[in-house]
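This is what each chain is made of:
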Amino acid sequence: MTDYDAQFLDPERQIRAVRSLIKRATNLTQVDRVLLMLAQRSEGRLVAIDPCGEFSRSDLRAIQAPLWQGISGEVFRSGRPQIVRDVTDDTREDVAMLRSLGARNLLTVPIIYRYRDSEGDVVKETTVGVLHALNKRHGEFDTHDQQILLILGGQASQLIAHTELYPIAHEFERTISDTIQSMSIGMLAISAEGMLFEANREMQRLGIRQEDIGKHYQDVFQKGTSFLAQLVDQVFRYRESRGTEITIETPNEEGKGEPRIYRIQVDPILNHASQRNNGFAGAVVILQDLTARREEEQMQNSFVSVISHDLRTPLTAIQGFVDTMLMAINDGMPFDEETTKEFLTIINHNSHRMLRLVNDILVLARLSKGMSLELSLRPYDFKASIDMVVESQRSFTPQFQFEVEIPEDLPEVVADQERIEQVVSNLLSNATKYSPQGGTVSVKVVRNGDQITVSVTDQGIGIPKEALSKMFGRLYRVESEKHKGIKGTGLGLYLCKTLIELHNGTIGVESEYGHGSTFYFTIPIQGPQPKSS
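Presented here is a report on the structure given in the accompanying data block. (Residues numbered from 1 in each chain as written. Predicted model: local features only at pLDDT ≥ 70, side-chain atom pairs only at ≥ 80, totals over all residues. Heavy atoms only, no water.)

## Points about helix α8 (residues 226-238)
For step 1, the next point in the chain: Taking 1.5 Å as the rise per residue, α8 with 13 residues should run 18 Å; its terminal C-alpha atoms sit 19 Å apart, in good agreement.
For step 2, the next point in the chain: Two residues or fewer past α8, Arg-239 is found with a positive phi of approximately 60 degrees. (Helix = DSSP H or I, 4+ residues; strand = E, 2+ residues; numbered from the N terminus. Expected span 1.5 Å × (residues − 1).)

Okay, here's the thing in C-alpha cells:
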C-alpha cells in the first residue's frame, strides 16, 4: 500500500481534510452552514454527513432524500446547480427539512468525481453527492458562488470518492484478479511499454511465472517461447491481432507427458478515451486448450467415413443377394428352399444392421440440435425382452456362445422398451465385434431392491486403462494395437449412456486390456421418478 493510499484510508485525515474544505466553502461564499449529502446507490437515497459537527445527530438522521426526488435528487441526477432564493414556498420535501433547520435561502451543487487517465485528461465523471449551502449572509447567491462551490465540491469529491469507493474498488479489483486466476484459459496482459502486468496460473504452461510480472516481454519470451515475442512484436507494430497453434507436452492424470494442442491469440488493448499512443494500451495474450475440439473434429471426419462404409456394406449385401435371387427367378431357375432361406437370413441381418445404425444417427441428430428425447414408459416383461434381443444377436453371430442368467421371478419393469432393447442390442453387438476370436458372451440380470442391473461380459480384447473414462464420449473410438481394423462409429456407447440416464439410471464398464470387458447399466424398476427440487 502506498502513502497516498494510506492517506485516503486514514479516517482522521479524511475528516480533517473535508472539514477544512467545508470551512473554506463557508468563508468564501459567506454562508451560515454547509451540508454534504452522499449517495447510497444500493439503497437509492442521499444521506447527510456533517464533519464539522454543526448539526445534531437527530437532524442528520432526518435529512435524507431519494435519488430521484427533491432538490437533492434533481441536482444529483442533472449535475447542474440550483438556487432557491426563498425556501418559504418551496414544497419539495428535502427543502422543507432544510427549512426546519433554519434555512432561508439555499444553493445546491453536485459533488462530481472526475476520473483521469495517466496524462491527466478527464475520461469519466461520476456524481457522488450534493453540497447544500444555507443562508447567504450578504445579498443573494449568484453564479460566482456556484463556481466556488463547484470547485470546492470537486476537491471534496477526491476525498469523498476515495473514502466511499476505495474499499469497493479494492474489492472489485481483487474479484477481477480472482476471476482471472480461476479462468481455464491462460491470460497475460502486457503494457504499452512492453511490461508484463497480469498473468494467471494457466500461463505457467508457457513457463511464465508470477516473478516475471514487471519484466519486459522480450526478456521473458526466450528460447522455447521466442515465437511469442515475435507475435507480440507484430501486434505492437501493426495494432492487429495475431495467433498460432502449438503443441505442449502436459502431464495427464497419471503424471505422464501428453501432447495437447493450444491456440495462442495476441490481441491489442485499445483505450479509445486516451490520446496517448493513439489509444494503444498494450496487448493481451490468450492461451486456450483446443485438444478436445481438434479431437472432436477428427472424430467427426472419421465418423463420416465410417458411416459411409457401414451404410454401404449392408446395402451392397442386400442388393447383391436380391439381384441374385431375382436373376435366378427370371432365368426360370429359382434357388431351393434352403438356399433361399439362407439368402433371406443374410438380407434380414443386414437390414437390421442398417436399421440400428439409422436409429443411432437419428438419435444423435436430435441430441446435436439440443432436442430432448421423449420416453414411452410402460410396464413390460423385462425377461422376455432380454431373451428376444439375445436370440436376435445369436442369429447374427452363430459362432458365439450366449449364456443368459435372469431370475424367473423378475417383475415387470417400467421403461421405454424400445430404448432399453436398443441399449442391450448395442452392448451385445460390441461384445461380439470386439471378440474377434469368438468365445462366450454372458448376459446377467440382477435385482437390487428397487433397481435392476444388466451386465454384458465378453472374452474379447478388452480396453486399455487410460481409455476407460472416455468410453461413453460422443464419437470416441479406442486407439490401440488390438483395436486396429475393427470398424465402428463411436456412437453406440454414447447413445447407451444418454438413454440410460434418461431413465435416471447409470452405466459403466470394467475391463482388463487383453482379457475381455463387462458393460453394465442400472435402472429403477418403477421407471424414472421426478427429481426433487
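Next comes the rest of the write-up.
## A word on the pairing of strand β11 (residues 280-289)
For step 1, the next point in the chain: Where strand β7 (residues 186-191) lies against β11, six bridges are found, and the strand directions are antiparallel. Of the residues in β11, the one forming a bridge with Met-187 is Ile-286.
For step 2, the next point in the chain: Across nine bridges, the pairing between strand β10 (residues 257-270) and β11 is antiparallel. Looking at β11, one finds that Gln-265 is bridged to Ile-286. (Pairing = 2+ DSSP bridges.)

## Some remarks on the sheet that holds strand β13 (residues 400-405)
For step 1, the next point in the chain: Reading across the sheet, the five strands line up as β13-β15-β16-β18-β17 and stay open at both edges, with mixed pairing between neighbours. The two strands at the open ends of the sheet, each matched to only one other strand, are β13 and β17 (506-511). Neighbour-to-neighbour, the strand axes of this sheet turn through a mean angle of 15 degrees, independent of strand direction.
For step 2, the next point in the chain: Here β13 runs beside strand β15 (residues 439-448); their pairing, made up of six bridges, is parallel. Counterpart to Val-404 in the pairing with β15 is Val-443.
For step 3, the next point in the chain: The strands that helix α12 (residues 417-433) touches are β13, β15, β16 (451-457) and β18 (517-524); relative to β18, the one it contacts most, it runs at about 170 degrees. (Axes fitted to C-alpha atoms, helices over the stretch in contact; angles between N-to-C directions. Contact = heavy atoms within 4.5 Å.)

## What about the pairing of strand β8 (residues 196-199)?
For step 1, the next point in the chain: With three bridges connecting them, β7 and β8 associate as antiparallel partners. Directly across from Ala-189, in β8, lies its bridge partner Glu-198.
For step 2, the next point in the chain: Taking the residues between adjacent antiparallel strands as the criterion, β7 and β8 are bridged by four residues, where Gly-194 takes a positive phi near 90 degrees.

## Considering the packing of helix α11 (residues 382-396) against α12
For step 1, the next point in the chain: Interaxial distance between α11 and α12 falls to 10 Å at its minimum, and their mutual angle equals 40 degrees. The angle between α11 and α12 places the two elements in the oblique class. Seen from above, α11 lies across α12 with right-handed handedness. Only Gln-417, Ile-420, Glu-421, Val-424, Ser-425, Leu-428, Ser-429 and Thr-432 of α12 make contact with α11, whose side of the interface consists of Phe-382, Ser-385, Ile-386, Met-388, Val-389, Val-390 and Gln-393.
For step 2, the next point in the chain: Considered class by class, the residues forming the contact of α11 with α12 number eight nonpolar, six polar and one charged. (Parallel < 35°, antiparallel > 145°, perpendicular 65-115°, else oblique. Left-handed = near helix turned anticlockwise from the far one by under 90°. Nonpolar A, V, L, I, M, F, W, Y, C, P; charged D, E, K, R; others polar.)

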